[in-house]
Amino acid sequence: MHGKTRWRKPRFQFLHSIKDTEWCYYCYSRLKDYLPLTGPHYKKIEDNRVKAGYTESYYVQSRPHDHVTTLRSIWYKNRIKVLPFEFLTKYPSQERLYYSTKNRPIH
C-alpha cells in the first residue's frame, strides 16, 4: 500500500519518572491481567534542557488489542481526551479519575 496512510491500531501506554518507579510497577500489576502489556521498561533520554543532561523513566505499552481500541473510542474524541461520565459512573474508581485528569492526545 505504497503512498497511502494506513491506520495503526491504538496501543495503551503510560510513562512515569524514575522517582515514580514503584507507581509504574503498581499500575502494571493492576492492568496486566486485562490488557496485553509488556513489563515496565527503563528509558533514558539525553536532554540538554535538564540539569543532569538526561531524563530517566519507566514505561509500559500494550500490543494492539480489541480492549485497547474500545477504551480509545470511550476516552478520546477527535484525538482529544474527554471525560466519559457515563463510563466513569458505571465503573468508578479513584485510579480512573486520576488518569482522566491527564489531558493528552493519542499519537
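Read on for a plain summary of the structure. Values in this document were obtained by computation on a predicted structure and should not be read as measured data. (Residues numbered from 1 in each chain as written. Predicted model: local features only at pLDDT ≥ 70, side-chain atom pairs only at ≥ 80, totals over all residues. Heavy atoms only, no water.)

## Some details on the overall build of the chain
Right, on to step 1. Along the backbone of the chain there are 4 helices and 5 strands.
Right, on to step 2. Mapped from its N terminus to its C terminus, the chain presents α and β elements in the order β-α-β-β-α-β-β-α-α.
Right, on to step 3. Out of the 107 residues in the chain, the part that is buried amounts to 24%.
Right, on to step 4. Of all intrachain contacts in the chain linking residues separated by at least 6 positions in sequence, the fraction that spans at least 24 positions is 48%.
Right, on to step 5. Roughly 8,700 Å² of accessible area belongs to the chain as shown, and the carbon and sulfur atoms make up 53% of that amount. (Helix = DSSP H or I, 4+ residues; strand = E, 2+ residues; numbered from the N terminus. Buried < 20%, exposed > 50% of the residue type's maximum accessible area, 1.4 Å probe, protein only. Contact = heavy atoms within 4.5 Å. Areas by Shrake-Rupley, 256 points an atom, 1.4 Å probe, with all protein chains shown as cover.)

## Digging into the pattern of salt bridges
Right, on to step 1. The final tally for this structure, using the stated rule, is 2 salt bridges.
Right, on to step 2. We note a salt bridge from lysine 32 to aspartate 33, for which the minimum N-O separation is 3.7 Å.
Right, on to step 3. With a relative accessible area of 39%, lysine 32 lands in the partly exposed category.
Right, on to step 4. Residue aspartate 33 is classed as exposed on the basis of its relative accessible area of 61%.
Right, on to step 5. Taking the shortest distance from any N to any O, the salt bridge between aspartate 47 and arginine 49 comes out at 2.9 Å.
Right, on to step 6. Looking at aspartate 47, the relative accessible area reads 14%, which means it is buried.
Right, on to step 7. Owing to a relative accessible area of 76%, arginine 49 belongs among the exposed residues under this scheme. (Salt bridge = Lys/Arg side-chain N within 4 Å of Asp/Glu carboxyl O.)

## With respect to the state of the cysteines
Right, on to step 1. Tallied over the entire structure, the rule returns 0 disulfides.
Right, on to step 2. Of all cysteine sulfurs in the structure, the one in cysteine 24 sits closest to cysteine 27, which takes part in no disulfide; the separation is 6.9 Å.
Right, on to step 3. Judged by its relative accessible area of 4%, cysteine 27 falls in the buried class. (Disulfide = S-S within 2.5 Å.)

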